[in-house]
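Residue-level structural notes
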Amino acid sequence: MRNDKDNLIVKLSFDFALKIIAYSEEIRQFNRFEMASQIFRSGTSIGANIREAQNAESKADFIHKFKIAAKESDEVQYWLQLCQESEFYPNPKEELFKEIQSINLILSKIIASSKKA
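Summary of the structure given here.

Now for the packing of helix H1 (residues 8-28) against helix H2 (residues 33-53). Look at H1 against H2: their axes get within 9 Å of each other, and the N-to-C directions meet at 170°. In terms of axis orientation, H1 runs roughly antiparallel to H2. The residues of H2 that touch H1, namely those facing Ile-9, Val-10, Ser-13, Phe-16, Ala-17, Ile-20, Ile-21, Tyr-23, Ser-24, Ile-27 and Arg-28, are Phe-33, Met-35, Ala-36, Ser-37, Ile-39, Phe-40, Gly-43, Thr-44, Ile-46, Gly-47, Ile-50 and Arg-51. Looking at the contact of H1 with H2 residue by residue, the class counts come to 15 nonpolar, six polar and two charged.

Below you can see the structure in the form of structure tokens.
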């Protein structure tokens, strides 16, 4: 098994996914299954695509996987903002917003630097 402990974005995205799982379960308790599923899928997909990029077949494939992760990151941020602004959902913790913003910045840097290399 690969050791990803020293890979910052792999670790951050994995830890974020665990928090997204917990938040989506919190939403399910309010019988808001559609939103919970949307948040669960996009929030956990970030790390899945980053992990998949670790075994990319080419530089283009690596960049493509990271671009998908960036799209999923934007999507989960959208769903979290909807929950925050809606009276019908539990407010996401501020920590989730800070973490997804950090992940977005790192993804952007990795994509930009990979294109240059």
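Okay, a nonpolar patch on the surface next. Together, Phe-14, Leu-18, Ile-21 and Phe-40 give the surface a local cluster of nonpolar side chains, amounting to about 350 Å² of exposed area. Looking at the nonpolar patch element by element, the count peaks at three residues for H1. Its location among the elements puts Phe-40 in helix H2. When its relative accessible area of 30% is taken as the criterion, Phe-40 is described as partly exposed.

Right, let's get into the nonpolar core. Grouped together as the largest cluster of nonpolar side chains are 27 residues, with contacts concentrated most on Phe-16, Ile-39, Ile-46, Ile-50, Phe-66, Val-76 and Leu-107. Secondary-structure elements contributing two or more residues to this core are H1, H2, helix H3 (59-85) and helix H4 (94-116). The residues contacting Leu-107, other than those within four sequence positions of it, are Ile-9, Ile-50, Phe-66, Ala-69, Ala-70 and Ser-73.

Backbone geometry places Asn-31, a non-glycine residue, at a positive phi of 60°. Among the structural elements, Asn-31 can be located in the loop between H1 and H2. Judged by relative accessible area, which is 53%, Asn-31 ranks as exposed.

What follows is about the packing of aromatic side chains. Tallying each qualifying case throughout the model produces two aromatic pairs. Between Phe-62 and Phe-66, the aromatic rings sit 4.7 Å apart at their centres with planes inclined by 45°, giving tilted as the arrangement. A residue pair is termed a helical-turn pair when its members lie 3 or 4 positions apart in one helix, as Phe-62 and Phe-66 do in helix H3 at four residues. Classification of Phe-62 by relative accessible area gives partly exposed; the value is 24%. A ring pair is formed by Tyr-78 and Trp-79, whose centres lie 5.2 Å apart and whose planes are at 65°; its orientation type is edge-to-face. Trp-79 gets classed as buried once you look at its relative accessible area, which sits at 17%. For Arg-32, the ring lying beneath its charged end belongs to Tyr-89, and the centroid distance is 5.8 Å.

Thresholds, definitions, all that
All residue numbers refer to positions counted from 1 along the written sequence of the respective chain. Confidence filtering applies because this is a predicted model: local features only for residues at pLDDT of at least 70, side-chain atom pairs given and counted only at 80 or more, and all residues used for totals across whole chains, interfaces and linings. Side-chain descriptors were evaluated using all non-hydrogen atoms of the structure, hydrogens and water having been removed beforehand. Angles run from 0 to 180 degrees between N-to-C directions of axes, and those axes are lines fitted to C-alpha atoms, restricted for helices to the stretch in contact. Numbering of helices and strands runs from the N terminus, with a helix taken as a DSSP run of H or I at least four residues long and a strand as a DSSP run of E at least two residues long. Orientation categories follow fixed angle ranges, with anything under 35 degrees roughly parallel, anything over 145 roughly antiparallel, 65 to 115 roughly perpendicular, and all other angles oblique. The contact rule is simple, with two residues in contact once any of their heavy atoms fall within 4.5 Å. In this classification, Asp, Glu, Lys and Arg are treated as charged, Ala, Val, Leu, Ile, Met, Phe, Trp, Tyr, Cys and Pro as nonpolar, and every other residue, Gly included, as polar. A patch consists of residues whose relative accessible area exceeds 30% and which take part in no salt bridge; residues with like charges are grouped when within 9 Å of each other, and nonpolar side chains (Val, Leu, Ile, Met, Phe, Trp, Tyr) when within 5 Å. For accessible areas, the Shrake-Rupley method is used with a probe of radius 1.4 Å. Any residue's cover is judged against the shown protein chains and nothing else. Salt bridges are counted wherever a side-chain nitrogen of Lys or Arg sits within 4 Å of a carboxyl oxygen of Asp or Glu. A simple rule labels every residue: compare its accessible area, found with a 1.4 Å probe on the protein chains alone, to the largest value its type can have, and call it buried under 20%, exposed over 50%, or partly exposed in between. The term nonpolar core refers to a set of buried residues drawn from Ala, Val, Leu, Ile, Met, Phe, Trp, Tyr and Cys, joined through side-chain atoms within 4.5 Å. Stacked, tilted and edge-to-face are the three classes applied to pairs of Phe, Tyr and Trp rings, where Trp contributes its six-membered ring and a pair requires centres within 6.5 Å; stacked means planes under 30 degrees apart, edge-to-face means over 60, and tilted covers the rest. To sit over a ring, a charge needs its Lys NZ or Arg CZ within 6 Å of the ring centre and within 35 degrees of the ring normal.

Keep in mind these values describe shape, not function.
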